[in-house]
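Here is what each chain is made of, one letter per residue.
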Number of protein chains: 2
Amino acid sequence: MAGMNDVRINGDRLWDSLMEMAKIGATEKGGVCRLALTDVDKAARDLFVQWCQEAGCAITIDKMGNIFGRREGTDPSLPPVMMGSHIDSQPTGGRFDGIYGVLAGLEVIRTLNDAKLQTKAPIEVSAWTNEEGSRFAPAMVSSGVFAGVFDLAYGLSRADLSGVTMGQELKRIGYAGEAEVGKPVRAFFEAHIEQGPILEAEGKTIGVVTDAQGQRWYECTYTGQEAHAGPTPMRTRRDAMVGAAKVIQAVNAIGHKYAPLACATVGLVQVHPNSRNVIPGQVFFTIDLRHPDDGILSEMDAEIRAVTARVAEEDGLEMAFEQIWYSRPVPFDPTCVAAVRAAAERNGYSHRDIVSGAGHDACYIARVAPTAMVFVPCEDGISHNEIENAKPEDIAAGCQVLFEAVLTRAN
Amino acid sequence: MAGMNDVRINGDRLWDSLMEMAKIGATEKGGVCRLALTDVDKAARDLFVQWCQEAGCAITIDKMGNIFGRREGTDPSLPPVMMGSHIDSQPTGGRFDGIYGVLAGLEVIRTLNDAKLQTKAPIEVSAWTNEEGSRFAPAMVSSGVFAGVFDLAYGLSRADLSGVTMGQELKRIGYAGEAEVGKPVRAFFEAHIEQGPILEAEGKTIGVVTDAQGQRWYECTYTGQEAHAGPTPMRTRRDAMVGAAKVIQAVNAIGHKYAPLACATVGLVQVHPNSRNVIPGQVFFTIDLRHPDDGILSEMDAEIRAVTARVAEEDGLEMAFEQIWYSRPVPFDPTCVAAVRAAAERNGYSHRDIVSGAGHDACYIARVAPTAMVFVPCEDGISHNEIENAKPEDIAAGCQVLFEAVLTRAN
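Residues numbered from 1 in each chain as written. Chains lettered and ligands numbered in written order. Predicted model: local features only at pLDDT ≥ 70, side-chain atom pairs only at ≥ 80, totals over all residues. Heavy atoms only, no water.

Draft legend 1. Structural context of the overall build of chain A. Within chain A, the secondary structure is distributed over 12 helices and 16 strands. For chain A, the C-alpha radius of gyration of 22 Å lies close to 22 Å, the compact-globule estimate for 411 residues. Across its three principal directions, the C-alpha atoms of chain A cover 80 × 45 × 40 Å. Considering chain A as a whole, with its 411 residues, one finds that 63% of them fall into the buried category. When contacts within chain A are restricted to residue pairs at least 6 apart in sequence, long-range pairs at least 24 apart make up 80% of them. As displayed, chain A has an accessible area near 13,800 Å², and 50% of this comes from carbon and sulfur atoms. A gap of 2 Å separates the mean positions of the 38 positive and 54 negative side-chain charges of chain A. (Helix = DSSP H or I, 4+ residues; strand = E, 2+ residues; numbered from the N terminus. Rg over C-alpha atoms; globule rule 2.2 N^0.38 Å. Buried < 20%, exposed > 50% of the residue type's maximum accessible area, 1.4 Å probe, protein only. Contact = heavy atoms within 4.5 Å. Areas by Shrake-Rupley, 256 points an atom, 1.4 Å probe, with all protein chains shown as cover. Lys, Arg positive; Asp, Glu negative; His and termini not counted. Charge placed at Lys NZ, Arg CZ, Asp CG, Glu CD.)

Encoded structure:
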């Protein structure tokens, strides 16, 4: 630990790497579209692997396509201290969500190299496959397999809406690795933008993440009767979109009922046949419920099950309803959290404890290793949007905290 | 008119032609997908043109791709008596909507040929381009250009959701004809399935269509703020889908308020970015309002304008709202209507007067020529659906009525 305070990560280098990476999948509005296991995701993976190798790391890829870049420790028999996040993005995503945690980890290793520091435990930077869950549901599936939440066959069989599986796409882009999924980890740290408005509103630089809220994801399909929008009297209709609209409003009402901590969202709606003058015969939509208190999340679950069934009954619709994912609330490891808080204090960064509203790979890794997260503010709290933005000085501060927290646990 | 009662159309031949045509664009569920000006539409047009030529017709194609098959009269200087409808279908359409009116017209000509009957006025069978309006809005655009409702440039510039125009597609499939759009018509008759439940429920074979209801079509785009569905508190959200859901329910309520004659439908909804864990930032949706009374249709118009504006205001959404089409209620020509009714009575078919809930090419042609329609029942009143069905004996009866009404006006 001697001299740790004297070593500074290189904020400019980290920023330049983020901007260079953001060119891969760049969108006109300044964001990125880097859906999991597409050609664009492959290009970004290739660049990350190249940068890791240039930093002297040994690369391992596991059967879920998770990438690990390893800097050896003085005691190679120890499990690694790991840092990481994800490379994939939302369809209209930003330049920081996920990739910041990956490149901040790389910057930690570059800084160790520059300072010629040795660590007792090995240090690894990881990139987890398909964190977003927007191409393949559920989210965080590959860190989930790593943590034993899902088995490997389940992970590889996840299919996108056109029926292509993760296993097929991993082979196609050359990232179906040989390594078994899962291994001992001494500690795991994930740096991430907050994706919410709290740190910015309070003028805080560092969020010390103590917990992550629980999530339940559902898929619902209403089937009514498609028919001509002209000669079909209102009283004989079974309009699946009218039913879905009622549920969309009910989901929103449930979110408001359990405010301020609850979130409830219908983000995806597919209407069939989706023609101006045809009564919608079928609507598929998703529901995303979140709360940090598992008891309240269960109440929200009961309410959404009741309302979807009631609307189906009232509107004469057939319903297929399934909870496709449940991620329980996660308390992070007190020692790792304390290491993050101490690093923020040592540097004089303003900070506050915070609960993560989003799911992160760290939520699953927390099941198999002591884990914590470092949040930095993002502009207007906006994420999952091409205009997502963050300040270079906050990005650098979060990485400095990551660096020091990692060293605390590696020695 | 001598001997007219003795000449019978060939119901088996008509049915066989319908079934042969239904192979083009056939879907697994027994319907057709023959979107306007696709390769499938071209294949169906080619077959229709071939059948017309085999029946001795001269073919004319106009600049909107409308097809006319002409059987000459003893007085070629007279404007033709015309029969027709459309070849295109909904994305999940049936085997009768539109194509029945086209092939019934062809059967009338085949019957005249078999009976070696001559008519004083020429007889033409017409197929109007893009009646459905599901690929290119608005519906009935090419009969509209024919009737002077739209100008040619407007018609050719209609674009599908990917931006391809009707003009481009007409050239691509070889149906951008030379003829000017529009010419004198002595009388126009369109046979069609009812697309509603009334004839079947009352056990009537023939619907004598006296009027068609008015229609207003709208496009609405709500723009809010796309953001992460996890850490974005409910109170700061501007969720475009929640706003759209309120309007979808309001549209449905307006339809019920003016029941039994009103229809109100949101058939098409596009959500952006349409990802499970992203708050929808933008939603585009369509509204279709119908009523046979223009005054009530105007009241419905005022209500929908008020509710869309109010929801935008309340939910903090930007709104783009446009009425993209208005088709006023249409009274059909009393003499032509009487010819249809007389033909039904002469044959002993049960019949009733009926108002068309759907728009039809006949609604526009009625502006420039004496026009009427013949309805036949369809199973469960269902149309714009792959399971759309009709009985061979009803299909034949409607064609017999068409034949006799046409002869009444052609001599």
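What follows picks up the thread again.
Draft legend 2. Looking closely at the confidence of the model for chain A. On average, residues of chain A carry a pLDDT of 96, and 99% of them reach 70 or more. In the predicted complex, the global pTM is 0.79; the interface-specific ipTM is 0.81. (pLDDT = per-residue confidence, 0-100.)

Draft legend 3. A look at the relation of the copies chain B and chain A. Between chain B and chain A, which share one sequence, the superposing operator has a rotation angle of 180° and an axial displacement of 0.0 Å; the RMSD is 0.1 Å. Both chain copies can therefore be described as sitting about a two-fold axis. In terms of proximity to the rotation axis, the leading residue of chain B is Ala245 of chain B, whose C-alpha is 2.2 Å off the axis. Both copies contact each other with a shared surface, as 98% of the interface residues of chain B are interface residues in chain A too. (Least-squares fit on C-alpha atoms with pLDDT ≥ 70 in both.)

Draft legend 4. Expanded view of the domain arrangement of chain A. Residues and elements named next belong to chain A. What the domain assignment lists for chain A is domain 1 (4-213 + 329-410) and domain 2 (214-327). One C-alpha centre belongs to domain 1, the other to domain 2; they are set 33 Å apart. Each partner contributes to the interface: domain 1 provides 17 residues, whereas domain 2 provides 15 residues. Carbon and sulfur atoms make up 59% of the area that domain 1 and domain 2 hide from each other, which totals about 1,100 Å². For the domain 1 face of the interface with domain 2, the top three residues by lost area are Leu161, Gln213 and Pro329, together amounting to 50%. The tally of links between domain 1 and domain 2 comes to 0 salt bridges. Scanning the region where domain 1 abuts domain 2 turns up 2 residue pairs in polar contact (both at pLDDT 80 or more). Grouping the constituent residues of the side of domain 1 that touches domain 2 by class yields 12 nonpolar, 4 polar and 1 charged. (Domains from an automatic or database assignment. Buried area = accessible area lost by both parts, 1.4 Å probe. Salt bridge = Lys/Arg side-chain N within 4 Å of Asp/Glu carboxyl O. Polar contact = N/O pair within 3.5 Å; in protein donor to acceptor, adjacent residues only side chain to side chain. Nonpolar A, V, L, I, M, F, W, Y, C, P; charged D, E, K, R; others polar.)

Draft legend 5. The packing of helix α8 (residues 240-257) of chain A against helix α9 (residues 294-315) of chain A, seen in detail. Residue and element names in this part refer to chain A. The contact between α8 and α9 brings their axes to 10 Å, and the two run at 155°. Compared by their axis directions, α8 and α9 come out roughly antiparallel. In terms of crossing hand, the pair formed by α8 and α9 is right-handed. Contact residues: α8 offers Val242, Gly243, Lys246, Val247, Ala250, Val251, Ile254 and Lys257, while α9 offers Met300, Glu303, Ile304, Val307, Thr308, Val311 and Asp315. (Axes fitted to C-alpha atoms, helices over the stretch in contact; angles between N-to-C directions. Parallel < 35°, antiparallel > 145°, perpendicular 65-115°, else oblique. Left-handed = near helix turned anticlockwise from the far one by under 90°.)

Draft legend 6. Here's a closer look at the environment of Ala179 of chain A. Residues and elements named next belong to chain A. In this fold, Ala179 is placed in the loop between α6 (166-173) and β5 (187-193). Among the residues examined, Ala179 registers a relative accessible area of 23% and is labelled partly exposed. On a C-alpha basis, the gap between Ala179 and Val208 in space is 33 Å, while along the polypeptide they are 29 residues apart. Ignoring anything within four residues of it in the chain, the contact list for Ala179 reads Thr60, Ile61, Asp62 and Lys63.

Draft legend 7. Structural context of the state of the cysteines. Residues and elements named next belong to chain A. For the structure on display, the rule yields 0 disulfides over all chains. With no disulfide of its own, Cys399 lies 13 Å from the sulfur of Cys52, the closest cysteine sulfur. Using a relative accessible area of 0% as the deciding quantity, one classes Cys399 as buried. (Disulfide = S-S within 2.5 Å.)

Draft legend 8. Molecular detail of the pattern of salt bridges. Residues and elements named next belong to chain B. Scanning the model with the defined rule gives 48 salt bridges over all chains in all. Measuring nitrogen to oxygen at the nearest pair gives 3.2 Å for the salt bridge that ties Lys42 to Asp46. Pair noted here: Lys42 and Asp46 are both in helix α2 (residues 39-54), with a separation of 4 residues, about one helical turn. Its relative accessible area of 29% is what places Lys42 among the partly exposed residues. The shortest N-O distance in the salt bridge between Glu202 and Arg352 comes to 2.6 Å. Here the residue Glu202 occupies a position in helix α7 (residues 198-202), and Arg352 occupies one in strand β15 (residues 351-356), the gap between them amounting to 150 residues. Here Arg352 falls in the partly exposed class, since its relative accessible area comes to 25%.

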